[in-house]
Amino acid sequence: QCLGDGTDYDSIVRTGGNPLPTKEALDILILEATKKRQWQEIKDTRDRYKFGGVKVGDLWFHSDDTSRIQQLGLLALGVNLQPGILWKTMTGSFVEMTPALAQQIFLTTAVSDLRIFKKAEEKRLEMLASSNPSQYDSATGWPITFEEAL
C-alpha cells in the first residue's frame, strides 16, 4: 500500500505490499492507464452521439436500439407497409410513415453511424499522439445531435 496521490513520486509513502516501482516504470503505468481511461471516455461519447437521433429532411428520428429495430421492421415491409401509419418524431410530432421515408431513415442512420465511428477513431488517434493524453479534450467536433440542434 502507498499513501499520496501519485503525482509526486518522491512524496509517495510505501506502507506495505509490493515494492514501489521505479519512477520511470510508474510513469509508464500511469500513462497507459490514462490512455485507457481517455479511450473509454471517447467510446462513451461515441455511444451518446450514436443514440442522439438522425435528421431526415426537417424531421429528427430516434436512433436508440429499440427504434432501430422498429425502423428495420418498417424497411423490411417495404411496399407492403400499410398506409396511414403515423410515426412519432423526436419533437413529438407525427409523420406518416412510407416505404421511402423508412429507407431514408435507415440510410441516414447508417451514414450517421459511419461518421460517428470515424470521429471516435480520429479522437483516439489524436489522444494517443498527444504529448499529454490526460489533458486531451475529446468533447468537440462530433456530429450534431437532436438536443444540440434545439
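The structure displayed is predicted, hence computed values, not measured ones.

A. Here's a closer look at the nonpolar core. Formed by V54, V56, F61, L74, L81, W87, V95, M97, L101, A102 and I105, the largest nonpolar core amounts to 11 residues. Broken down by secondary-structure element, the contributors of at least two residues to this core are β3 (54-56) and α3 (99-129). The leading source of residues in this core is α3, at 3 residues. For A102, the residues in contact, after removing those within four places along its chain, are L74, L75 and M97. I42, Y49, Y136 and W142 belong to the second largest nonpolar core, which has 7 residues in total.

B. How the structure looks around a nonpolar patch on the surface. A surface patch of nonpolar side chains, amounting to about 270 Å² of accessible area, comprises L72, F106 and L107. With respect to the element layout, F106 can be found in helix α3. Look at F106 and you get partly exposed, because its relative accessible area is 35%.

C. Summary view of helix α1 (residues 23-50). For α1, which comprises 28 residues, the first-to-last C-alpha distance of 40 Å matches the rise-based estimate of 40 Å (1.5 Å per residue) to within 8%. Within the span of α1, buried status applies to L26, T34, K35, Q38, I42, T45, R46, Y49 and K50. Looking at the buried residues of α1, the elements they touch are α2 (65-77), α3 and α4 (146-149).

Calculation criteria
Residues numbered from 1 in each chain as written. Predicted model: local features only at pLDDT ≥ 70, side-chain atom pairs only at ≥ 80, totals over all residues. Heavy atoms only, no water. Core = buried A, V, L, I, M, F, W, Y, C linked by side-chain atoms within 4.5 Å. Buried < 20%, exposed > 50% of the residue type's maximum accessible area, 1.4 Å probe, protein only. Helix = DSSP H or I, 4+ residues; strand = E, 2+ residues; numbered from the N terminus. Contact = heavy atoms within 4.5 Å. Patch = residues over 30% accessible without salt bridge, like charges linked within 9 Å, V, L, I, M, F, W, Y side chains within 5 Å. Areas by Shrake-Rupley, 256 points an atom, 1.4 Å probe, with all protein chains shown as cover. Salt bridge = Lys/Arg side-chain N within 4 Å of Asp/Glu carboxyl O. Expected span 1.5 Å × (residues − 1).

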